[in-house]
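# Descriptive analysis of the structure
For reference, the chains in residue letters:
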There are 2 protein chains.
Amino acid sequence: MATTRERLLEAGLRLLLEHGYNDLGIQVLLKETGIPKGSFYHHFRSKEDFAMQVVDRYMEEVHQGLDLSLGDTRLAPLARARRFFELSRDKYRRDGYMGCMLGGLGQELSGVNATFAARIEACFGEISGRIASCLEEARQQGELPQDADPRELANLLLNCWEGAALRSRLLRDPAPLDRMLDFTFSAATRAS
Amino acid sequence: MATTRERLLEAGLRLLLEHGYNDLGIQVLLKETGIPKGSFYHHFRSKEDFAMQVVDRYMEEVHQGLDLSLGDTRLAPLARARRFFELSRDKYRRDGYMGCMLGGLGQELSGVNATFAARIEACFGEISGRIASCLEEARQQGELPQDADPRELANLLLNCWEGAALRSRLLRDPAPLDRMLDFTFSAATRAS
DNA sequence: TCCACTAGACTGACCGGTCTACTCACAATC
DNA sequence: GATTGTGAGTAGACCGGTCAGTCTAGTGGA
């Protein structure tokens, strides 16, 4: 049996994705996990602290996905980048197409909570940075135009992906994700 | 002085964009407007009813933007579509780059409230539909490849826009919006 | 007179967070 | 090796505050 802390974070991943931050009550989390309140506040300073640690946990999974895809040297660099998004899409399917937690929490909280906004933006920065390295490799190998800007392109892919993930969440359907990938990747190879 | 109902909706536009749904208390709305609770519940059945009407109001503004841009026959069809997004960007600037209310409420509520999810998706459908008509015209005039699919392309533009709007909200910066427009519009003209 | 509307006190439920009591594995002591 | 002390973790009753929503009273124009 996993530790109390791990069980809370695990449930947090699912519940925060579904409910968002403000709609998720501590009591619901505790009821779902069968863990009493005293334990929760022993392991976490506050609800906000908890959510932050859930985000950390979420990012661990994201980085695993990046390791798996960008590190797959059997693929050409551009295919590795695309593979990351495809792995993400597969993860979304397992979650019932609820989209991306970063996009969800970012939208909900960035208007009010600067700490959260900064954390989520930092997460996007991390992801975008790793994709950018991969795209730079693609550029050097001639898969992208020589004058392409890998960092800009990585941010663009990520942002468009988040938009597609929102639409996918609304429709509970992966189609917007695939359409976005087809369009942006075929466009990226064609122009700077 | 505007009517009580109008003042509430007006404040709702601003406060829902900033706080989202769950973080916005009725009391805050009433304090900001100086309107007593009895009046609120005279004009609106519930908080959810209120938010729905704020969305309706938001969509009126969106349609005005669409009228202004897509109806501007001095521009070529493709430029009209782009103009709509530029007008939206200008509106975001006036709001302090808080992104799009549809994206915000969609992300926050679509995991829990099916009524809201359907309403927001319908809004996206309306917008996308009007852009698609414009893109169809662009296709007929040869601005887009003959085999381009205007409806798909319109959805794609809108989705990518929403992603860029989220990032713009996180950064309080319009750059992601402009980058997205440059990339997608130059790509759309080039390929199907 | 009538009714749309204003006005705000009030309600019960629920919120995040605190508090004290308790359990139990394990280390220190003789 | 039995006894005792210690602290991490469990357990849930409880707290003040806030929530959406209700209720009754009053107001003012038609």
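### Examining the relation of the copies chain B and chain A
Mapping chain B onto chain A calls for a screw motion: a turn of 180 degrees about the axis and a shift of 0.0 Å along it, with 0.0 Å RMSD after fitting. Such values leave the two copies arranged in the relation of a two-fold axis. The share of interface residues of chain B whose copies in chain A are also at the interface is 100%, consistent with both copies meeting through the same surface.

### Some thoughts on the interface of chain B and chain A
Across the contact, 43 residues belong to chain B and 43 residues belong to chain A. A buried area of about 3800 Å², summed over both sides, lies between chain B and chain A, and 60% of it is on carbon and sulfur atoms. If you look at where chain B meets chain A, you find 4 salt bridges. In this structure, the salt-bridge partner of E121(A) is R167(B), at a minimum N-O distance of 2.9 Å. Our count for the contact surface shared by chain B and chain A stands at 14 residue pairs in polar contact (both at pLDDT 80 or more). Put simply, the parts of the chain that give the side of chain B that touches chain A at least two residues each are α1 (4-19), α6 (101-109), α7 (114-140), α8 (150-171) and α9 (175-190) of chain B. Here the side of chain B that touches chain A is composed, by residue class, of 19 nonpolar, 13 polar and 11 charged.

### Structural notes on the packing of helix α8 (residues 150-171) of chain A against α7(B)
Where α8(A) contacts α7(B), the axes come no closer than 9 Å and their chain directions differ by 125 degrees. Classified by the interaxial angle, the pair formed by α8(A) and α7(B) is oblique. Our pair here, α8(A) against α7(B), has a crossing hand that is left-handed. Residue-level inspection shows L166(A), R167(A), L170(A) and L171(A) of α8(A) in contact with α7(B), the latter providing A117(B), I120(B), E121(B), F124(B) and G125(B). Here the residues of the contact of α8(A) with α7(B) are counted per class, giving 6 nonpolar, 1 polar and 2 charged.

### Section: the pattern of salt bridges
Opposite charge on two side chains allows them to pair when their charged atoms are near. Using the criterion set out here, one finds 36 salt bridges over all chains in the structure. Via salt bridges that share partners, R82(A), R83(A), E86(A) and D182(A) belong to a single interconnected network.

### Remarks on the protein's contact with DNA strand C
Around DNA strand C sit 15 residues in total, of which I26(A), K37(A), Y41(A), K47(A) and T4(B) are the nearest. Counting only the atoms of DNA strand C that lie within 4 Å of the protein, the sugar and phosphate share comes to 50%. Separating a phosphate oxygen of DNA strand C from a side-chain N or O atom of T4(B) is a distance of 2.2 Å. Elements represented by at least two residues in the surface near DNA strand C include exactly α2 (26-33) and α3 (37-43) of chain A together with α3 (37-43) of chain B. The residue makeup of the surface near DNA strand C, split by class, is 4 nonpolar, 8 polar and 3 charged.

### Points about the packing of aromatic side chains
Applying the stated criterion across every chain, the model contains 18 aromatic pairs over all chains. Relative to F44(B), the ring of F40(B) has its centre 5.4 Å away and its plane inclined at 40 degrees; by these criteria the two rings are tilted. For the pair formed by F40(B) and F44(B), the shared burial category is buried. Between the aromatic rings of F85(B) and F185(B), the centroid separation amounts to 6.3 Å while the plane-to-plane angle is 70 degrees, which identifies the pairing as edge-to-face. You can see F85(B) sitting in helix α5 (residues 77-94) and its partner F185(B) sitting in helix α9, a full 100 residues away along the chain. For the pair F85(B) and F185(B), one class covers both residues: buried. Over the ring of Y21(A) we find K47(A), and its NZ or CZ is 4.4 Å from the ring centre.

### Examining the protein's contact with DNA strand D
Taken together, 15 residues lie around DNA strand D, and T4(A), H42(A), I26(B), K37(B) and K47(B) are the ones closest in. Take the atoms of DNA strand D that sit within 4 Å of the protein: sugar and phosphate atoms are 51% of them. H42(A) places a side-chain nitrogen or oxygen 2.8 Å from a phosphate oxygen of DNA strand D. One of the side-chain N or O atoms of H43(A) is found 3.1 Å from a phosphate oxygen in DNA strand D. Among the secondary structure elements, those contributing two or more residues to the surface near DNA strand D are α3 of chain A together with α2 (26-33) and α3 of chain B. No other element matches the 5 residues that α3(A) contributes to the surface near DNA strand D. Classifying every residue of the surface near DNA strand D by side-chain character gives 4 nonpolar, 8 polar and 3 charged.

Rules and cut-offs
Residues numbered from 1 in each chain as written. Chains lettered and ligands numbered in written order. Predicted model: local features only at pLDDT ≥ 70, side-chain atom pairs only at ≥ 80, totals over all residues. Heavy atoms only, no water. Least-squares fit on C-alpha atoms with pLDDT ≥ 70 in both. Contact = heavy atoms within 4.5 Å. Buried area = accessible area lost by both parts, 1.4 Å probe. Salt bridge = Lys/Arg side-chain N within 4 Å of Asp/Glu carboxyl O. Polar contact = N/O pair within 3.5 Å; in protein donor to acceptor, adjacent residues only side chain to side chain. Helix = DSSP H or I, 4+ residues; strand = E, 2+ residues; numbered from the N terminus. Nonpolar A, V, L, I, M, F, W, Y, C, P; charged D, E, K, R; others polar. Axes fitted to C-alpha atoms, helices over the stretch in contact; angles between N-to-C directions. Parallel < 35°, antiparallel > 145°, perpendicular 65-115°, else oblique. Left-handed = near helix turned anticlockwise from the far one by under 90°. Near = heavy atom within 4 Å. Phe/Tyr/Trp six-rings, centres within 6.5 Å; stacked < 30°, edge-to-face > 60°. Buried < 20%, exposed > 50% of the residue type's maximum accessible area, 1.4 Å probe, protein only. Lys NZ or Arg CZ within 6 Å of the ring centre and 35° of its normal.

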